[in-house]
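Here are the chains, one letter per residue:
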Protein chains: 2
Amino acid sequence: MKKTVALLGSTGSIGRQTLEVIEANKNSFEVFALAAHNEIKILKEQIIKFKPEVAVVSDEKAAKKLSLDLHGFKHTKILSGENSLNEIVANPKVDIAFIAVSGTAGLLPTLAAIKTGKIIALANKETLVVAGHIVMEQAKKFKVPIIPVDSEHSAVFQCLQGKNKLHIKKIILTASGGPFRNYSIEELKRVTPEMALDHPNWSMGKKITVDSATLMNKGLELIEARWLFDIPYNQLEVVIHPQSIIHSMVELIDNSVFSLMSIPDMKIPIQYALTWPERMPISNSEEIDFTKLKTLTFESPNHKLFPCLKLARRAGEEGGLMPVVLNAANEVAVALFLEEKIGFLDIPYLVEKVLDSFDNNSPNPELEEILETDRLIRKKTLQIAEKLF
Amino acid sequence: MKKTVALLGSTGSIGRQTLEVIEANKNSFEVFALAAHNEIKILKEQIIKFKPEVAVVSDEKAAKKLSLDLHGFKHTKILSGENSLNEIVANPKVDIAFIAVSGTAGLLPTLAAIKTGKIIALANKETLVVAGHIVMEQAKKFKVPIIPVDSEHSAVFQCLQGKNKLHIKKIILTASGGPFRNYSIEELKRVTPEMALDHPNWSMGKKITVDSATLMNKGLELIEARWLFDIPYNQLEVVIHPQSIIHSMVELIDNSVFSLMSIPDMKIPIQYALTWPERMPISNSEEIDFTKLKTLTFESPNHKLFPCLKLARRAGEEGGLMPVVLNAANEVAVALFLEEKIGFLDIPYLVEKVLDSFDNNSPNPELEEILETDRLIRKKTLQIAEKLF
């Protein structure tokens, strides 16, 4: 029987690759709903190809334009409005809620999907970064599996299968180190958005590509891992592995280290999240040829040149609203960098200033508090940036 | 509750390391029986330290000498005679039969332990190489777990936990490549036993160290893997990985490759075989420091210079008695090499001649036929060697 998917964020990098996987496995999956923010050109093509029952465009103007564009194509109902995402994931026809939207927009639909017992394929970092305590508690309550789509967390998730979680000594997340791994501080100062967007291994969206270059991406993943695998920060490590072949590792108490390797291709963890708990052959993706690969290398992260990783660990360890502050400040800082208003090294500098300035933490924040803090910190980060730069 | 162990082959390299692990975990394990061939000096020390109920010395003279030596030490009964091994593993007090004897001596006790429902910790290659079809069929019949102790098979065994065997695309055994990996054919001709016994990564017995240098060890492991994991030879590969950190890999149908890594230390897979299905912290063994490790490399095996791997694959694929022939011919060839009667490259040459000369194969040989062939081939290999060299 086919599994029915609601794909939130279908026009982004992960969303498009998810549809590639679904297209290659038409007998196993069908699309019930697609959702995008405002990229209606791509969404229109996707709608015509996959014929979902519903498509959601969060931007209302874009939604109206798409409705006109698709006049005569009766198969798909076009919706808009904030609540639409929550409604489509909750639809009884949906088996898998694939959350590939970016930013905090993933949070409420994820919770809606959990409450209606869907399998959650989670490609949205912010959901766990800002509200991991709420999401995981709800997932436990409703006995809903959260299948991570990030290659790192997918690797850890799969390595832990058949293992006893009490046997974990540590989880080691690997990081490519980004394109500036070997840069000096002088070179880092001169990094432009164009340079930062040219990632050596993975093809991804702009924001996450910059986050990979600053190592903030790995920092956010550290916080995700803390919640996904219910593990304290002192059992979470990061090692630089420039080839991105080993996607992460789990060390057990007897010093055995389990890892998952593959070529860097997001279609592999995407397909796994769709097929879980089963597995299927993969199309259009190469296998590793170890004799051609030749070498895997490892290094310690350089915390002096890439302070974001430690900032994230600090925010995670302080807990409460601090990861919300970290995430919001970073999003604004990255946007300012992409607009060439601040430099590459100003990103961690600005984020640290915002973390330092936050004196309103609370240990177990509720949803409203999280979303409110997110909004406040975005404003505050802009204000601090204006003073600093 | 303590698990009770009958350790066959306690004076060999694996046997001694097994006792190290047991000693470090006295609250978890106790020794019911120790067995050795004739190294009574070491065995005596082990008996005094571990106070087993029974000790078996297969060599009768040695057994008598040990009895006299231990006069007054009433705790341990000294036995000899071929059937003693089968009796001690079958004793109702025994939970784990740890088979660390070398050669075909492991076969009958393994079968005796299976029939009495013990957990089998199997460190003896020959048992599966010569009689995999019988051993695995019996293990299935008596629902007995065979826990491999070889680091490669232990890695595969552990990587497959929580996975569906139908999802296996291939199993990739790693090989250090031995000390002569980069030698020319001229250099290989001049290899002496002393040179061959100096393995770069693992500390092991003489015969297996030479087998590692010729790659016959990996060939025998290929045959073992075929039986342990019930997988055809075309899904079994070998890759050279000189650092011996990745102990083996399992590739699944979606191109995900799972691996188990650790420093090269047999105590880790030995302890796992003892603790299975549980796991315990390990004493006196370091964890991997990836940032110090720096590099993992991979190469294809050089089949021209190291033909043993292909000889083993050929014997395995032809099946029936051919692995018995391979194993017996190789044991004799290695002994002749260690006695400096033949050269290093004569080992595969001689084994191939013996394989070519065997025209009495049968598809599903019974135990008696296997043991008889083993005896015959040893004689025949000596005869062929005398003609050739």
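Remember, predicted model here, so these are calculated numbers, not experimental data.

**Some remarks on the overall build of chain A**
Of regular secondary structure, chain A possesses 17 helices and twelve strands. Against the globule reference of 21 Å for 389 residues, chain A gives a C-alpha radius of gyration of 20 Å, in line with a compact fold. Dimensions of chain A, computed from the C-alpha atoms along their principal axes, are close to 55 × 50 × 40 Å. Within chain A, the proportion of its 389 residues that are buried is 59%. Contacts in chain A between residues far apart in sequence, at least 24 positions, make up 69% of those at least 6 positions apart. A total accessible area of about 16,100 Å² is found for chain A, and carbon and sulfur atoms account for 51% of it. Positive and negative charge centroids in chain A, built from 46 and 48 side chains respectively, lie 3 Å apart.

**Some details on the interface of chain B and chain A**
Every contact between the two is made by 47 residues of chain B and, on the other side, 47 residues of chain A. Buried surface at the junction of chain B and chain A, both sides included, amounts to about 3,700 Å², of which 56% is carbon and sulfur. Here K169 of chain B ties to E287 of chain A by a salt bridge, and the two come within 3.7 Å at their closest N and O atoms. Scanning the region where chain B abuts chain A turns up 18 residue pairs in polar contact (both at pLDDT 80 or more). Looking at the side of chain B that touches chain A, the elements with two or more residues in it are α7 (151–159), β8 (168–175), β10 (246–252), β11 (257–261), α12 (267–275), α13 (290–293) and β12 (295–297) of chain B.

**So, helix α12 (residues 267–275) of chain A**
Counted residue by residue, α12 of chain A has nine buried out of nine residues, so it is predominantly covered. Here α12 of chain A has its buried residues at K267, I268, P269, I270, Q271, Y272, A273, L274 and T275 of chain A.

**What to know about the pattern of salt bridges**
Residues and elements named next belong to chain A. Scanning the model with the defined rule gives 54 salt bridges over all chains in all. Where E53 meets K93, a salt bridge forms, and the shortest distance between an N and an O atom there is 2.7 Å. One end of the pair, E53, is in the loop between α2 (40–50) and β3 (54–57); the other, K93, is in the loop between α4 (83–90) and β5 (96–99), with 40 residues separating them in the sequence. The salt bridge partner of R375 is E372, with a shortest N-O separation of 3.1 Å. Placement of the pair is R375 and E372 together in helix α17 (residues 367–388), with a separation of three residues, close to one helical turn. On the basis of relative accessible area, R375 is assigned to the partly exposed category, the value being 45%. Residue E372 is classed as partly exposed on the basis of its relative accessible area of 37%. Each of the salt bridges in this network shares a partner with another, and the network as a whole consists of K125, D150, E152, K218 and E221.

**Considering the packing of helix α1 (residues 13–24) of chain A against α12 of chain A**
All names here are of chain A. Taken N-terminus to C-terminus, the directions of α1 and α12 make an angle of 65 degrees; their axes are 9 Å apart at the nearest point. In the packing of α1 onto α12, the handedness of the crossing is right-handed. Contacts between α1 and α12 involve I14, Q17, T18, E20, V21 and I22 from the former and K267, I270, Q271 and L274 from the latter. Within the contact of α1 with α12, the residues separate by chemical class into five nonpolar, three polar and two charged.

**What about the relation of the copies chain B and chain A?**
Once chain B has been moved 0.0 Å along the axis and rotated by 180 degrees, it coincides with chain A to within an RMSD of 0.0 Å. Seen this way, the second copy is the image of the first under a two-fold rotation axis. Considering only C-alpha atoms, the part of chain B nearest the rotation axis is G162 of chain B, at 1.9 Å. When the interface residues of chain B are mapped onto chain A, 100% of them again lie at the interface, so the same face is used by both copies.

**Observations regarding the sheet that holds β8 of chain B**
The strand order across the open sheet built from eight strands is β9(A)-β8(A)-β10(A)-β11(A)-β11(B)-β10(B)-β8(B)-β9(B), with neighbouring strands paired in mixed fashion. Every other strand in the sheet has two partners, leaving β9 (236–240) of chain A together with β9 (236–240) of chain B as the edge strands with one partner each. Across this sheet, the average inter-strand angle for adjacent strands is 20 degrees, counted without regard to direction. Two elements, β10 of chain B and β11 of chain B, share five bridges in a ladder whose sense is antiparallel. The partner of V250 of chain B across the bridge, within β11 of chain B, is F258 of chain B.

**Observations concerning the domain arrangement of chain A**
Residues and elements named next belong to chain A. By domain assignment, chain A separates into domain 1 (3–148), domain 2 (150–264 + 285–304) and domain 3 (319–389). Each of domain 2 and domain 3 has a C-alpha centre, and the two are 24 Å apart. Across the boundary between the two partners, domain 2 contributes 18 residues, which contact 13 residues of domain 3. Both sides together, the interface formed by domain 2 and domain 3 hides about 1,300 Å², and carbon and sulfur atoms give 85% of it. Looking at the side of domain 2 facing domain 3, the largest losses of area belong to P193, K207 and M216, adding up to 37% of the total buried there. Inspection of the region where domain 2 meets domain 3 yields one residue pair in polar contact (both at pLDDT 80 or more).

**Focus: the sheet that holds strand β1 (residues 3–8) of chain B**
Residue and element names in this part refer to chain B. Sheet architecture is open: seven strands sit in the order β4-β3-β2-β1-β5-β6-β7, paired in parallel fashion. On the outer flanks of this sheet lie β4 (77–79) and β7 (146–148), each paired with one strand and no other. Looking at each pair of strands side by side, their axes are set apart by 20 degrees on average, direction ignored. Pairing of strand β5 (residues 96–99) with strand β6 (residues 119–122), which is carried by four bridges, proceeds in the parallel orientation.

**A few points about the packing of aromatic side chains**
Each pair of aromatic rings is reported with the distance of its centres and the angle of its planes. If you walk through the whole model with that rule in mind, you get ten aromatic pairs over all chains. Summarising the aromatic geometry, the rings of F180 of chain B and Y183 of chain B are spaced 4.9 Å apart at their centres and angled 50 degrees between planes, so their arrangement reads as tilted. For Y183 of chain B, a relative accessible area of 25% corresponds to the partly exposed category. Ring pairs connect the aromatic residues F180, Y183, F337 and F344 of chain A, which therefore count as one cluster. When the ring centre of F258 of chain A is taken as origin, the NZ or CZ atom of K163 of chain A, which lies over that ring, is 4.5 Å away. Above the plane of the ring of W227 of chain B lies R226 of chain B, whose end atom (NZ or CZ) is 3.9 Å from the centre.

The rules behind these values
- Residues numbered from 1 in each chain as written.
- Chains lettered and ligands numbered in written order.
- Predicted model: local features only at pLDDT ≥ 70, side-chain atom pairs only at ≥ 80, totals over all residues.
- Heavy atoms only, no water.
- Helix = DSSP H or I, 4+ residues; strand = E, 2+ residues; numbered from the N terminus.
- Rg over C-alpha atoms; globule rule 2.2 N^0.38 Å.
- Buried < 20%, exposed > 50% of the residue type's maximum accessible area, 1.4 Å probe, protein only.
- Contact = heavy atoms within 4.5 Å.
- Areas by Shrake-Rupley, 256 points an atom, 1.4 Å probe, with all protein chains shown as cover.
- Lys, Arg positive; Asp, Glu negative; His and termini not counted.
- Charge placed at Lys NZ, Arg CZ, Asp CG, Glu CD.
- Buried area = accessible area lost by both parts, 1.4 Å probe.
- Salt bridge = Lys/Arg side-chain N within 4 Å of Asp/Glu carboxyl O.
- Polar contact = N/O pair within 3.5 Å; in protein donor to acceptor, adjacent residues only side chain to side chain.
- Axes fitted to C-alpha atoms, helices over the stretch in contact; angles between N-to-C directions.
- Left-handed = near helix turned anticlockwise from the far one by under 90°.
- Nonpolar A, V, L, I, M, F, W, Y, C, P; charged D, E, K, R; others polar.
- Least-squares fit on C-alpha atoms with pLDDT ≥ 70 in both.
- Pairing = 2+ DSSP bridges.
- Domains from an automatic or database assignment.
- Phe/Tyr/Trp six-rings, centres within 6.5 Å; stacked < 30°, edge-to-face > 60°.
- Lys NZ or Arg CZ within 6 Å of the ring centre and 35° of its normal.

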